[in-house]
Amino acid sequence: MLGFLIGIHAIISVLLVTVVLMQASQGGGLAGSIGGQTTNAIFGGRSASTALSKITTYLAVAFMGLALLISLLGRP
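Scope of this entry: the structure provided in the associated data block.

What counts and how
- Residue numbering note: each chain is counted from 1, following its sequence as written.
- Whole-chain, interface and lining totals are the exception, using all residues; otherwise, since this is a predicted model, local features are given only for residues with pLDDT of at least 70 and side-chain atom pairs are given and counted only at 80 or more.
- Excluding hydrogens and water, the side-chain figures rest on all heavy atoms present in the structure.
- Helix and strand definitions follow DSSP, with helices as H or I runs of at least four residues and strands as E runs of at least two, each counted in order from the N terminus.
- Partly exposed residues are those whose accessible area sits between 20% and 50% of the maximum for their type, while under 20% is buried and over 50% is exposed, using a 1.4 Å probe and protein chains only.
- The definition of a polar contact used here is a pair of N or O atoms within 3.5 Å, where within protein one atom must be able to donate a hydrogen and the other to accept one, and adjacent residues in sequence count solely through side-chain atom pairs.
- Note on contacts: a residue pair qualifies if any of its non-hydrogen atoms lie within 4.5 Å across the two residues.
- In these notes, a set of buried Ala, Val, Leu, Ile, Met, Phe, Trp, Tyr and Cys residues joined through side-chain atoms within 4.5 Å is what counts as a nonpolar core.
- Here, expected helix span is obtained from the residue count minus one, scaled by 1.5 Å.
- Within this analysis, the arc is defined by the directions that extend from the helix axis to the C-beta atoms.

1. Some thoughts on the side chain of His9
Part 1 of the reasoning: Here His9 shows up in helix α1 (residues 2-22).
Part 2 of the reasoning: Residue classification places His9 among the buried positions, given a relative accessible area of 16%.
Part 3 of the reasoning: Polar contacts involving the side chain of His9 include one to the main-chain carbonyl oxygen of Phe63, which spans 3.4 Å.
Part 4 of the reasoning: Apart from residues lying up to four places away in sequence, His9 is in contact with Phe63, Leu66, Ala67 and Ile70.

2. Things to note about the nonpolar core
Part 1 of the reasoning: Formed by Leu5, Ile12, Leu16, Val19, Leu52, Leu59, Leu66 and Ile70, the largest nonpolar core amounts to eight residues.
Part 2 of the reasoning: For this core, the elements supplying multiple residues, two or more each, are α1 and α3 (47-73).
Part 3 of the reasoning: In this structure Ile12 touches Leu59, Ala62, Phe63 and Leu66, once residues within four positions along its chain are discounted.

3. Quick word on α1
Part 1 of the reasoning: Helix length check: α1 (21 residues) gives 30 Å between terminal C-alpha atoms against 30 Å at 1.5 Å per residue, within 8%.
Part 2 of the reasoning: Among all positions in α1, only Leu5, His9, Ile12, Leu16 and Val19 are buried. Viewed end-on, α1 has its buried residues packed into an arc of 90 degrees, placing them on one side of the element. Opposite the buried face of α1, by more than 90 degrees, sit the exposed residues Gly3, Val14 and Val17.

Below, the structure is given as structure tokens:
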């Protein structure tokens, strides 16, 4: 079971990094060079930032909760 939780944690980590990199920073970030046009086409101009912010929040909460759960279950 611990291995399964670590696998899910790794998937959440990759998703979290991807979503954070898709967000536009003040300098444009990767959102302007790689996925920005696609993100604007899918979510619209302004709702893209709010949708990505919500997804980032949910993934961050899941990441931290799963990290705590793995640390508690991993104790000898």
